[in-house]
Amino acid sequence: MNTDSRKLHEECGVFGVFGHETTDVASTVYYGLFALQHRGQEGCGIAINDGGVISSYKDIGLVNDVFTHDVMLKLGHGNMAIGHVRYGTTGSNDRSNVQPIVVNHVKGRMALAHNGNLVNSTELREELEMQGSIFHSTSDTEVISYVITKERIKCDSIEEAVNRAMYNIDGAYSFVVMSPAKLIAARDPRGFRPLCYGQTADGRYIVASESCALDAVSAKFIRDIKPGEIVVFSDEGVRSITDHCNQCDSALCIFEHIYFARPDSKVDGCSVHHARARAGELLAKAHPVDADIVIGVPDSGLDAAIGYARESGIPYGIGFIKNKYIGRTFISPGQASREDKVKIKLNPISEVVRGKRVVMIDDSIVRGTTCARIVHLIREAGAKEVHVRISAPPFISPCYYGVDIDSKDKLIACKHTIPEIAEIIDADTLGFLPYDDVKKIAEDGDCKGFCLACFDGNYPTIIPKDDGKNKFEQKIDKTKKKSKTKDDTNEEQQ
């Protein structure tokens, strides 16, 4: 388990490539996943389609560690492929939960890679199990694969099966599906998670969670896939199915702009870098302070710090050096080690902050423990004052759509006032981005609505009665004894 409580964990990243000729598609997916590594660092996988035969490889670890030279050679060539980088919010960090998932059924094979979180996965899984389905993982991605497969057996095409399945699955999902002859990309009707596609100079189509992955493989961005849209790539060309479009209000996760996406990406028509800089500008207007320098906490705090400095007129400086070799999978076996991890990962530049009144910009405070450690590092480096500014409103509610925002009892903003939080983290002052400003950071994009449930508790879907994250991984509690009735005993004997 990852024990870094400072940040939210990333989502997942999906990538797909479709071409008419057999080429080294494995390398294309490899570079695409490398560009999406920030979205998931627990595991990764690639599935290759060579003339209708699908082969795959997946494992725990980073892209560069899992896909060695020998593994890449064994994957071989094909005309299409899909890939996935994982951070799981449903299901443990186990190889069985790594994607893509490959399914064999009576009409052929199918591979699926998914980003998001279903709110009705527990109910769907129980229903499928009662019908005889056997699950090999504990992720909701396998639920989606079974729902699509169930429909595929009854209809004439994979795109029709996906279309029918989308009437039954609910929540956040952007996924790619590969059949023997087609590549399908689909996005949920509210558009919680981003998905886009482009084309390379040699005519291959690329689907990715973020536009930065298109850049990584020299593909020209064509457009974002619309909320509720299904896009079909086949030898007949590109076709769009819009049966699920405009059925509900859009609800793009605002944290794609605040934290998850890479700053060189565009999400639904809005530059992520611009959105974060805009958040910093709005933060400076809402919470001005007399200071000597503005610094950002790497990486997502940097763009907001630039915006804050630009609006306030306070000089911007590079306050931290981040160790790029420490990933989120870095093992921290104990509390002392967790504290050491902050020092290993971030080191303040004393010459920049010594004797100065510092404005420190970060993207969020979850529990507050690691934020306090970072403030302590700046003070140790000689800062006279530390004024913390957060480029998002306070968290007051958990997330059910794939963001690892914990229960209310673990969110510091649910227990303490802002002045109390400032005292806990040892900041001279503390300011969050006002709730009314958060939508403004991406208002120049194409998205018409955002999910802000973690800030206001207003969820765009039903709230699952049981989030199901660990339901199928819980150990049997042998200390609990059930008093048996006569009927229970007879049933056991039968």
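I will try to describe carefully the structure that is included in this document. (Residues numbered from 1 in each chain as written. Predicted model: local features only at pLDDT ≥ 70, side-chain atom pairs only at ≥ 80, totals over all residues. Heavy atoms only, no water.)

### Some remarks on the overall build of the chain
Logical step 1: In terms of regular secondary structure, the chain is built from 17 helices and 23 strands.
Logical step 2: Across the 494 residues of the chain, 57% fall into the buried class.
Logical step 3: Sequence separation of at least 24 residues holds for 70% of the intrachain contacts in the chain that already meet a minimum separation of 6.
Logical step 4: A total accessible area of about 21200 Å² is found for the chain, and carbon and sulfur atoms account for 49% of it. (Helix = DSSP H or I, 4+ residues; strand = E, 2+ residues; numbered from the N terminus. Buried < 20%, exposed > 50% of the residue type's maximum accessible area, 1.4 Å probe, protein only. Contact = heavy atoms within 4.5 Å. Areas by Shrake-Rupley, 256 points an atom, 1.4 Å probe, with all protein chains shown as cover.)

### Quick word on the environment of isoleucine 295
Logical step 1: As for its position among the elements, isoleucine 295 is in strand S17 (residues 293–296).
Logical step 2: Taking the C-alpha atoms as reference, isoleucine 295 lies 5.9 Å from isoleucine 318; in sequence the two are 23 residues apart.

### With respect to the sheet that holds strand S12 (residues 230–234)
Logical step 1: One open sheet holds the 6 strands; their spatial order is S5-S6-S7-S8-S12-S13, and the pairing between them is antiparallel. Each edge of the sheet is formed by a strand with only one pairing partner; in this case those strands are strand S5 (101–105) and strand S13 (237–241). Here the strands of the sheet are splayed against their neighbours by 20° on average, with no regard to which way each runs.
Logical step 2: Pairing of strand S7 (residues 171–178) with strand S8 (residues 183–187), which is carried by 5 bridges, proceeds in the antiparallel orientation. Paired with valine 177 across the two strands is isoleucine 184, which belongs to S8. (Pairing = 2+ DSSP bridges. Axes fitted to C-alpha atoms, helices over the stretch in contact; angles between N-to-C directions.)

### Overview of a nonpolar patch on the surface
Logical step 1: Among the surface-exposed residues, Ile306, Tyr316, Ile318 and Ile321 lie close enough to one another that they form a single nonpolar patch of about 360 Å² accessible area.
Logical step 2: Here isoleucine 306 shows up in helix H10 (residues 300–312). (Patch = residues over 30% accessible without salt bridge, like charges linked within 9 Å, V, L, I, M, F, W, Y side chains within 5 Å. Salt bridge = Lys/Arg side-chain N within 4 Å of Asp/Glu carboxyl O.)

### A short note on the pairing of S12
Logical step 1: Summarising burial for S12: 5 of the 5 residues are buried, a large majority.
Logical step 2: Side-chain alternation along S12 places Ile230, Val232 and Ser234 on one buried face and Val231 and Phe233 on a second face that is also buried.
Logical step 3: Sheet analysis places S8 next to S12, joined by 4 bridges and oriented antiparallel. What sits directly across from isoleucine 184, in S12, is valine 232.
Logical step 4: As paired strands, S12 and S13 are joined by 5 bridges and run antiparallel to one another. The residue bridging serine 234 from the neighbouring strand is glycine 237, located in S13.

### Some points on the sheet that holds strand S20 (residues 357–362)
Logical step 1: Overall, parallel pairing links the 4 strands, which are arranged S17-S20-S21-S22 in an open sheet. The outermost strands of the open sheet, each flanked by one partner alone, are S17 and strand S22 (429–432). Neighbour to neighbour, the strand axes of the sheet diverge by 20° on average, direction disregarded.
Logical step 2: Pairing analysis gives 4 bridges linking S17 to S20, with the strands arranged parallel. Looking at S20, one finds that glycine 296 is bridged to isoleucine 361.
Logical step 3: Against the sheet, H10 makes contact with S17, S20 and strand S21 (385–390), and its axis sits at roughly 160° relative to S17, the strand it touches most.
Logical step 4: Packing of helix H13 (residues 369–380) onto the sheet brings it into contact with S17, S20 and S21, and relative to S21 it is tilted by some 145°.

### Overview of the environment of asparagine 168
Logical step 1: For asparagine 168, the location among the structural elements is in the loop between helix H6 (158–165) and S7.
Logical step 2: Residue asparagine 168 is classed as partly exposed on the basis of its relative accessible area of 37%.
Logical step 3: It is 8.4 Å that separates the C-alpha atoms of asparagine 168 and leucine 124, two residues lying 44 residues apart in sequence.

### Some details on the packing of aromatic side chains
Logical step 1: All told, the structure shown has 14 aromatic pairs when counted by the stated rule.
Logical step 2: Centre to centre, the rings of tyrosine 259 and phenylalanine 260 are 5.4 Å apart; their planes meet at 65°, and the pair counts as edge-to-face.
Logical step 3: Using a relative accessible area of 3% as the deciding quantity, one classes phenylalanine 260 as buried.
Logical step 4: Within the aromatic cluster, the residues linked to one another by ring pairs are Phe255, Tyr259, Phe260, Phe395 and Phe455.
Logical step 5: Between the NZ or CZ atom of arginine 95 and the centre of the ring of tyrosine 57, over which it lies, the distance is 5.9 Å. (Phe/Tyr/Trp six-rings, centres within 6.5 Å; stacked < 30°, edge-to-face > 60°. Lys NZ or Arg CZ within 6 Å of the ring centre and 35° of its normal.)

### Here we look at the nonpolar core
Nonpolar side chains in soluble globular proteins tend to end up buried together.
Logical step 1: In terms of nonpolar packing, the biggest core is built from 51 residues, with Ile254, Phe255, Ile258, Tyr308, Tyr401, Ile441 and Phe455 touching the most fellow members.
Logical step 2: Secondary-structure elements contributing two or more residues to this core are strand S14 (252–253), helix H8 (255–260), helix H9 (272–286), H10, S20, strand S23 (450–451) and helix H16 (453–456).
Logical step 3: Among residues more than four places away in sequence, those in contact with phenylalanine 455 are Ile254, Phe255, Ile258, Ala392, Pro393, Pro394, Phe395, Ile396, Tyr435 and Val438. (Core = buried A, V, L, I, M, F, W, Y, C linked by side-chain atoms within 4.5 Å.)

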